[in-house]
Amino acid sequence: MFQILRRISRIAKSYLAEERDLNKRSDFDDDELKKIIDELNKSKEKNKEQETQESNQKMNKASAYRVIGVNGNANVNEIKSAFRKKMKEYHPDKTIHLSEIEKKLYLEKAKDIISAYEYLKKEMNF
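From a predicted model like this one, the values you see are computed outputs, not experimental measurements.

Chemist: Which residues make up a nonpolar patch on the surface, and what are the values?
Modeler: Where nonpolar side chains cluster on the molecular surface, the patch consists of L33, I36, I37 and L40 and spans about 350 Å² of accessible area. With respect to the helices and strands, the residue L33 is situated in helix 2 (residues 30-58). Residue L33 is classed as partly exposed on the basis of its relative accessible area, which comes to 37%.

Written out as structure tokens, the structure reads:
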């Protein structure tokens, strides 16, 4: 019984020591943390915008139609319908049963489909 109490005491002391170490490391006040979080969010948004611009630069109207699976004279409703159909097929949530390589391929395809759809939305103003 005494050994059990000693072990519990050691465990409690180690937890207290870890908590003290964590408190020493967190010298930031709330304002500093908010600034850091804001900077990280701005950086994340900036990276997302750059990725979108890069993917849009690579995309042209013909390739966007091809990726979504419609012909060049498709109307807005046909584009939306084809987009939904493609995303149902390649959505990452639908690929849980596949291997990691297949999941990555499907994820890339889904990103391409979204990029093509965004490009066509911008070009056709819908």
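Chemist: Just give me the short version of the pattern of salt bridges, but keep the residues and values in it.
Modeler: Here the structure, examined in full by the defined rule, presents one salt bridge. K103 is paired through a salt bridge with E100; the nearest N and O atoms lie 3.6 Å apart. Placement of both K103 and E100 in helix 5 (residues 100-124) is noted, with a separation of three residues, approximately one turn of the helix. Its relative accessible area of 26% is what places K103 among the partly exposed residues. By relative accessible area, which is 53% here, E100 ends up exposed.

How each quantity is defined
Residues numbered from 1 in each chain as written. Predicted model: local features only at pLDDT ≥ 70, side-chain atom pairs only at ≥ 80, totals over all residues. Heavy atoms only, no water. Patch = residues over 30% accessible without salt bridge, like charges linked within 9 Å, V, L, I, M, F, W, Y side chains within 5 Å. Areas by Shrake-Rupley, 256 points an atom, 1.4 Å probe, with all protein chains shown as cover. Salt bridge = Lys/Arg side-chain N within 4 Å of Asp/Glu carboxyl O. Helix = DSSP H or I, 4+ residues; strand = E, 2+ residues; numbered from the N terminus. Buried < 20%, exposed > 50% of the residue type's maximum accessible area, 1.4 Å probe, protein only.

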